[in-house]
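Residue strings, one per chain:
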Amino acid sequence: MRKNILTYLGIASILVGWGITWANQNAKIAENKANVELLTKRMDSVSKQTADSEKVIVRIETKVEYIMKTVDEIKAEIKKTPGP
């Protein structure tokens with residue numbers, strides 16, 4: 001009889017240990033899922049900022065090209081203008 005009780009207590013303690021381990025693993029999995037979702041949101045934000053930055057860079061490049069073209073036109077006009 002004592003042997004059976006000790007066997008059942010041993011089995012019960014093993015099952016409790018597995019249950020605790022399982023609960024800890026589930027908690028870690030849930031935490032990792034939350035971290036992944038947070039990182040995904042941050043990556044989306046960074047991606048949007050990158051796209052916005054690229055648009056700004058294209059606009060700046062277009063303005064610089066326009067300025068350079070204007071400067072070249074002014075230089076050409078100066079060369080065409082007869083000197084004193």
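Quantities reported herein were computed from a predicted structural model and do not represent experimental measurements. (Residues numbered from 1 in each chain as written. Predicted model: local features only at pLDDT ≥ 70, side-chain atom pairs only at ≥ 80, totals over all residues. Heavy atoms only, no water.)

Participant: Can you walk me through the overall build of the protein in this structure?
Facilitator: From N to C terminus, the protein includes 1 helix and 0 strands. Compactness check: the protein gives a C-alpha radius of gyration of 36 Å against a globular reference of 12 Å for 84 residues, more than 25% above the reference. Seen along its three principal axes, the alpha-carbon backbone of the protein occupies a region of about 125 × 15 × 10 Å. For the protein, buried positions account for 0% of its 84 residues. Of the roughly 8200 Å² of accessible surface on the protein, a fraction of 66% belongs to carbon and sulfur atoms. Measuring between centres, the 14 positive side-chain charges of the protein sit 13 Å from its 10 negative side-chain charges. (Helix = DSSP H or I, 4+ residues; strand = E, 2+ residues; numbered from the N terminus. Rg over C-alpha atoms; globule rule 2.2 N^0.38 Å. Buried < 20%, exposed > 50% of the residue type's maximum accessible area, 1.4 Å probe, protein only. Areas by Shrake-Rupley, 256 points an atom, 1.4 Å probe, with all protein chains shown as cover. Lys, Arg positive; Asp, Glu negative; His and termini not counted. Charge placed at Lys NZ, Arg CZ, Asp CG, Glu CD.)

Participant: Would you mind showing me how to read the pattern of salt bridges here?
Facilitator: Pairing between side chains of opposite charge can happen when their charged atoms approach one another. In total, this model carries 1 salt bridge according to the counting rule given. Residue Lys48 is joined to Asp52 by a salt bridge in which the shortest nitrogen-to-oxygen separation is 3.3 Å. Of this pair, Lys48 and Asp52 both sit in helix H1 (residues 2–80), separated by 4 residues, roughly a single helical turn. We classify Asp52 as partly exposed; its relative accessible area is 33%. (Salt bridge = Lys/Arg side-chain N within 4 Å of Asp/Glu carboxyl O.)

Participant: Before we go on, may I ask you to explain a nonpolar patch on the surface in this structure?
Facilitator: A surface patch of nonpolar side chains, amounting to about 600 Å² of accessible area, comprises Tyr8, Ile11, Ile14, Leu15 and Trp18. Assignment of secondary structure puts Trp18 in helix H1. (Patch = residues over 30% accessible without salt bridge, like charges linked within 9 Å, V, L, I, M, F, W, Y side chains within 5 Å.)

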